Amino acid sequence: MALEYTLSIDEIMQRLETAHSQKAVIRGEFLNAEYLFFREHIKNQHVLVAGSGLGHDSFELAGYNKSVVGIELIPSLVEYSNKRKQELGLDNLVFQNGDFTNLNMFNDRHFDSAVLNMGTIGNFDYKTQILSEMTRVADTSYFDFYTQTLNGLKKRREMYIEEGWINVRIHGNRIMSDDGMDSTSLSGKEITSILAPLGVRVRYHQFHEFAVMAEVTR
């Protein structure tokens, strides 16, 4: 079982860069709210970032934690993030290539916390497997998901328009575009069902108008 990307590496890089650019105003507000949550809940810890991308979340968390490890499937993103880490002089941070559906390089409870964010959980097929690995290697796991309210869906549609998605439209609890982009909303009931086989406890934090952070403990 492994993750697969449908976009090319160049397309993924472009999407990530756009999402963290100044023109992505709504995404910036969302990330600011997310980082505020991190500062309040994840401090002085050993942290895993699952799907570290260009490294932004890892750079943020490294500022007030003991150590941060970013796991990313795409080697070019790992190379980019490690280069940026050196430029920033962050000695407590490392990026490495890996698939977070299989974190067998880490022992049980290797980390204090594990993080998967930017609402991506809704788009993965192997949700329970991903969360099983996160909750195995960390005492507490955090992941956010997009809610299904109509206002939230409309706001996210505006966000994706800002980020250059083409002909963005709401289709039920999903947001889709003509350039193949897709973002799925989830309900708390669905999250509870996904987590049920793991025998964990979950607490929900509404940290943004269209997103909820799930705090999962063993």
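Located above this text is the structure these notes cover.
Residues numbered from 1 in each chain as written. Predicted model: local features only at pLDDT ≥ 70, side-chain atom pairs only at ≥ 80, totals over all residues. Heavy atoms only, no water.

## Describing the overall build of the protein chain
- For the protein chain, the count of helices and strands is seven helices and ten strands.
- Computed over the C-alpha atoms, the radius of gyration of the protein chain is 16 Å, within 12% of the 17 Å expected from 2.2 N^0.38 for a compact globule of 218 residues.
- Counting across all 218 residues of the protein chain, residues that qualify as buried make up 51%.
- Partitioning the intrachain contacts of the protein chain with sequence separation of at least 6 by distance along the chain shows that 65% fall at a separation of at least 24.
- Carbon and sulfur atoms provide 47% of the accessible area of the protein chain, an area that totals close to 10500 Å².
- Once the 22 positive and 29 negative side-chain charges of the protein chain are each reduced to a mean point, those two points are 5 Å apart. (Helix = DSSP H or I, 4+ residues; strand = E, 2+ residues; numbered from the N terminus. Rg over C-alpha atoms; globule rule 2.2 N^0.38 Å. Buried < 20%, exposed > 50% of the residue type's maximum accessible area, 1.4 Å probe, protein only. Contact = heavy atoms within 4.5 Å. Areas by Shrake-Rupley, 256 points an atom, 1.4 Å probe, with all protein chains shown as cover. Lys, Arg positive; Asp, Glu negative; His and termini not counted. Charge placed at Lys NZ, Arg CZ, Asp CG, Glu CD.)

## A few points about the sheet that holds strand E4 (residues 111-116)
- The mixed open sheet is built from seven strands, whose spatial order is E3-E2-E1-E4-E5-E10-E9. At either margin of the open sheet sits one strand with a lone partner, and together these are strand E3 (93-97) and strand E9 (201-208). Looking at each pair of strands side by side, their axes are set apart by 20° on average, direction ignored.
- Taken together, the five bridges between E4 and strand E5 (residues 138-146) define a ladder with parallel strand orientation. The residue bridging Ala114 from the neighbouring strand is Ser141, located in E5. (Pairing = 2+ DSSP bridges. Axes fitted to C-alpha atoms, helices over the stretch in contact; angles between N-to-C directions.)

## Describing the nonpolar core
- Residues Phe30, Phe38 and Leu61 are the most contacted members of the largest nonpolar core, which totals 35 residues.
- Taken together, the elements giving at least two residues each to this core come down to helix H2 (25-41), strand E1 (46-50), helix H3 (56-62), E3, E5, helix H6 (150-162) and strand E10 (211-217).
- The element best represented in this core is H2, accounting for seven residues.
- With residues up to four places along the chain from it excluded, the contact list for Phe38 reads Leu61, Tyr64, Val115, Asn117 and Met213.
- One finds Leu131, Ile194, Leu195 and Val200 within the second-largest nonpolar core, a separate group that totals 27 residues. (Core = buried A, V, L, I, M, F, W, Y, C linked by side-chain atoms within 4.5 Å.)

## Quick notes on the packing of aromatic side chains
- Summed over the entire model, instances satisfying the criterion amount to 13 aromatic pairs.
- With 5.7 Å between their ring centres and 25° between their planes, Phe30 and Phe210 make a pair best called stacked. Here Phe30, found in helix H2, pairs with Phe210, found in the loop between E9 and E10; they are 180 residues apart in sequence, far enough to count as distant.
- Look at Phe210 and you get buried, because its relative accessible area is 0%.
- Measuring from ring centre to ring centre gives 5.7 Å for Tyr146 and Phe210, while their planes differ by 65°; the resulting arrangement is edge-to-face. Of the two residues, Tyr146 is situated in strand E5 and Phe210 in the loop between E9 and E10; the sequence distance between them amounts to 64 residues.
- Taking relative accessible area as the criterion, Tyr146 reaches 2% and is therefore assigned buried.
- By way of ring pairs, the aromatic residues Phe30, Phe37, Tyr142, Tyr146, Phe207 and Phe210 are connected into one cluster. (Phe/Tyr/Trp six-rings, centres within 6.5 Å; stacked < 30°, edge-to-face > 60°.)

## Details of the sheet that holds strand E6 (residues 169-171)
- Strand order in the open sheet formed by three strands is E6-E7-E8, with antiparallel pairing between adjacent strands. Unpaired on one side and paired on the other, E6 and strand E8 (182-184) mark the two borders of the sheet. Within this sheet the neighbouring strands show an average axis-to-axis angle of 25°, counted without direction.

## Observations regarding the environment of Leu77
- Position of Leu77 relative to the elements: it lies in helix H4 (residues 75-88).
- Separated by 68 residues in the primary sequence, Leu77 and Ile9 place their C-alpha atoms 8.8 Å from one another.
- In this structure, Leu77 is in contact with Ile12, Met13, Leu16, Gly53, Leu54 and Glu72, ignoring residues within four places of it in sequence.

Honestly, that's just the spatial picture; any functional story needs more than this.
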